[in-house]
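# Examining the three-dimensional arrangement
Spelled out, the chains give:
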Number of protein chains: 2
Amino acid sequence: MSKAPEAIGAAPATSTAITGRGVQSVDRALGILEVLARIGEAGVTEIAAELGVHKSTAFRPVATLEAHRLVEQTVDRGRYRLGVGILRLAGATTARLDLVQEARPICRKLASDTGETVNVAVLSESSALYLDRVAGSSALQPHNWVGQHIPLHATSNGKVLLSGLDDARLDRVLGKLATYTPRTITKRGPLRAELERVREQGYAVAVDELEVGLTAVAAPIRNVHGDVVASMSVSGPSFRLTPERFDEVVTLVTEAAIEVSHRLGWGHR
Amino acid sequence: MSKAPEAIGAAPATSTAITGRGVQSVDRALGILEVLARIGEAGVTEIAAELGVHKSTAFRPVATLEAHRLVEQTVDRGRYRLGVGILRLAGATTARLDLVQEARPICRKLASDTGETVNVAVLSESSALYLDRVAGSSALQPHNWVGQHIPLHATSNGKVLLSGLDDARLDRVLGKLATYTPRTITKRGPLRAELERVREQGYAVAVDELEVGLTAVAAPIRNVHGDVVASMSVSGPSFRLTPERFDEVVTLVTEAAIEVSHRLGWGHR
DNA sequence: AGACTGCGTTTCGTCGAGCGCAACGGAATG
DNA sequence: CATTCCGTTGCGCTCGACGAAACGCAGTCT
């Protein structure tokens, strides 16, 4: 796109260009950061080739990025990689990013789409701690559990949170598996099998396990490292959340959880 | 400056910006990121004032940054803040840092063995910069500290990092010793004594010095030359990390730190 | 209700900043 | 010792970034 003296008169054709793309050289500099994020370590020549520009065109933005500590040179051979300045910026970012705040609008939509109650929970002191709740449209609603500690092995949220732990931590977190209903999982073996299933399919279900007549479906919320940091669930009376509706609800709740995860920096794009 | 005839002699009001040489517009764009990191949330006009440039000169870099998700608009009022793109870059950064890469599995094991949170920090610009964090099993996570600046004199990690400096560098790094709790060390003399103790025993402890109720134990990570390049800590509530547990925790954290040091090439005979 | 103020955003003409080129210095490699 | 490949730098030309001003919109004052 160096020189294109073509078609000045063709106004409508150029409408495909995204309006207000911004500053070209900044765009390139950010492209450099993304290249380094993808490749990990690269020389100026390599970066230039990746962007399709001249060496010097790549070098000077890199020098500027280096002055701001966003990239740094490796000792061996003048190669570049992302620097600690990025981490400093990330610190300021996470300070502003609150899980509840980011999740809330998505919870609202999920509650609206399903008509059921949506909960967000994190792991805390050997139990699930409910951080937020958005009530569904129906009059018949579960209790408000915000701020309460809920058993891990008898809820969909709990299962999702447990599925993110390794065996050692699982053992420490799990105490006695209390019985709440005849369908509560009270043996370690079956619970481990259930958690493995949760990991595989990416969501958890609990039907009449904490309370007879109560059904819930939950999916994991992940941070930038991919760790499970929270869980989002849709819950309602079992006569409304029937197995026939599971497919639909599972899709909605997993998509919502993925969306929140993206807002926390997980995944690409 | 279009008009302004012969204004060459006039001193340009470049304000306090850290001018990195190279590409001007990139420099400004990165300045915008730093402004947002400092202020947290700002409008275009505010950013422009901060940089000492015209509104539109600030707006377009912002638009470019937004296109790369490095900044995002808040719903209310078109204000801007740092975006999730920063987090993705940060994830890529830590993934490529040798130290984090080598330390992570050991951190996981340490977190699992102690049940507490493990942090890895390096010295950066007169403060401790947290590179990685593995949450303990009782994941009561008030904030994610990764990327944050932490005072050096009031934390176990900070003391370890300071203990690796000679007197000249110590003076350069230490500013005013802020008071956070009644137990914070705020005088140079006692701090030097404390650092000497850290050097002798090979670990540092901080009880209620940064925050009442917060206790941490840290040990040094060394590179090939034996220099202290990072610090690894175990931290948790003071009621769980009692003095009776210090012996056990100190052993675990020092062994873990030594293991990481070995992986970085330290101590091979 | 109407004028006003302040915001983010857009347009436009000008000019200097950033681009491509080519040359430089240094370090591996044969 | 010649060669090759790298990051880095000086230079002239050109295009892209800048500043000024106008615009649409919201909230606010009178």
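The preceding data block contains the structure.
Nothing here was measured: the structure is a model prediction, and the numbers come from that model. (Residues numbered from 1 in each chain as written. Chains lettered and ligands numbered in written order. Predicted model: local features only at pLDDT ≥ 70, side-chain atom pairs only at ≥ 80, totals over all residues. Heavy atoms only, no water.)

### Concerning the protein's contact with DNA strand C
Lining the immediate surroundings of DNA strand C are 20 residues, of which Thr57 and Arg60 of chain A together with Gly43, Thr45 and Tyr80 of chain B lie closest. Close to the protein, within 4 Å, the atoms of DNA strand C are drawn from sugar and phosphate at a rate of 63%. One of the side-chain nitrogen or oxygen atoms of Arg60 of chain A is found 3.2 Å away from a base nitrogen of DNA strand C. Contacts to DNA strand C include Lys55 of chain B, whose side-chain N or O atom sits 3.4 Å from a base oxygen. At the level of secondary structure, the elements contributing two or more residues to the surface near DNA strand C comprise helix H1 (24-39) and helix H3 (55-67) of chain A together with helix H1 (24-39), helix H2 (44-51) and helix H3 (55-67) of chain B. Here the residues of the surface near DNA strand C sort into 4 nonpolar, 11 polar and 5 charged. (Near = heavy atom within 4 Å. Polar contact = N/O pair within 3.5 Å; in protein donor to acceptor, adjacent residues only side chain to side chain. Helix = DSSP H or I, 4+ residues; strand = E, 2+ residues; numbered from the N terminus. Nonpolar A, V, L, I, M, F, W, Y, C, P; charged D, E, K, R; others polar.)

### Let's talk about the interface of chain B and chain A
Facing 62 residues of chain B, the contacting portion of chain A comprises 61 residues. Overall, the association of chain B and chain A removes approximately 5,000 Å² of surface from exposure, summing both partners, and the carbon and sulfur fraction of that is 61%. Joining chain B to chain A, the criterion identifies 1 salt bridge. The closest approach of N and O atoms between Arg81 of chain B and Glu102 of chain A, which form a salt bridge, is 3.1 Å. Here chain B and chain A share 9 residue pairs in polar contact (both at pLDDT 80 or more) between them. Looking at the side of chain B that touches chain A, the elements with two or more residues in it are H1, H3, strand S2 (80-82), helix H4 (84-96), helix H5 (98-114) and strand S4 (127-134) of chain B. In terms of residue count, the dominant contributor to the side of chain B that touches chain A is H4 of chain B (11 residues). (Contact = heavy atoms within 4.5 Å. Buried area = accessible area lost by both parts, 1.4 Å probe. Salt bridge = Lys/Arg side-chain N within 4 Å of Asp/Glu carboxyl O.)

### With respect to the protein's contact with DNA strand D
Surrounding DNA strand D, one finds 21 residues, the nearest of these being Thr45, Phe59 and Tyr80 of chain A together with Thr57 and Arg60 of chain B. Considering DNA strand D, the proportion of its atoms within 4 Å of the protein that are sugar or phosphate atoms stands at 71%. Contact between DNA strand D and His54 of chain B: a base nitrogen at 3.4 Å from a side-chain N or O atom of the residue.

### Some thoughts on the sheet that holds strand S8 (residues 228-237) of chain B
Residues and elements named next belong to chain B. The antiparallel open sheet is built from 6 strands, whose spatial order is S5-S4-S3-S8-S7-S6. Edge positions in the open sheet fall to strand S5 (149-150) and strand S6 (204-207), since each of these has one partner strand only. Both S6 and strand S7 (residues 214-222) contribute to a ladder of 4 bridges, which runs antiparallel. Its bridge partner being in S7, Ala206 is matched across the sheet by Ala216. Where helix H6 (residues 156-163) meets the sheet, its contacts fall on strand S3 (117-124), S4, S6, S7 and S8, and the angle it forms with S8 comes to roughly 160 degrees. The sheet strands contacting helix H9 (residues 243-263) are S6, S7 and S8, and the helix crosses S7 at an angle near 30 degrees. (Pairing = 2+ DSSP bridges. Axes fitted to C-alpha atoms, helices over the stretch in contact; angles between N-to-C directions.)

### Notes on the environment of His54 of chain B
All names here are of chain B. Among the structural elements, His54 can be located in the loop between H2 and H3. Taking relative accessible area as the criterion, His54 reaches 53% and is therefore assigned exposed. Sequence separation of His54 and Val44 is 10 residues, and the distance between their C-alpha atoms is 9.6 Å. Separated by 3.2 Å, the side chain of His54 and the backbone nitrogen of Ser56 make a polar contact. (Buried < 20%, exposed > 50% of the residue type's maximum accessible area, 1.4 Å probe, protein only.)

### Description of the sheet that holds strand S3 (residues 117-124) of chain A
All names here are of chain A. Read across the sheet, 6 strands follow the order S5-S4-S3-S8-S7-S6 without closing on themselves; strand pairing throughout is antiparallel. Of all the strands in the sheet, the pair left with one neighbour each is strand S5 (149-150) and strand S6 (204-207). Of the strand pairs in this sheet, S3 and strand S4 (residues 127-134) are connected by 7 bridges, and their pairing is antiparallel. Within S4, the residue paired with Leu123 across the bridge is Ala128. This element, helix H6 (residues 156-163), spans S3, S4, S6, strand S7 (214-222) and strand S8 (228-237) of the sheet and lies at about 160 degrees to S8. Together, S6, S7 and S8 form the strand contacts of helix H9 (residues 243-263), whose direction differs from that of S7 by roughly 30 degrees.

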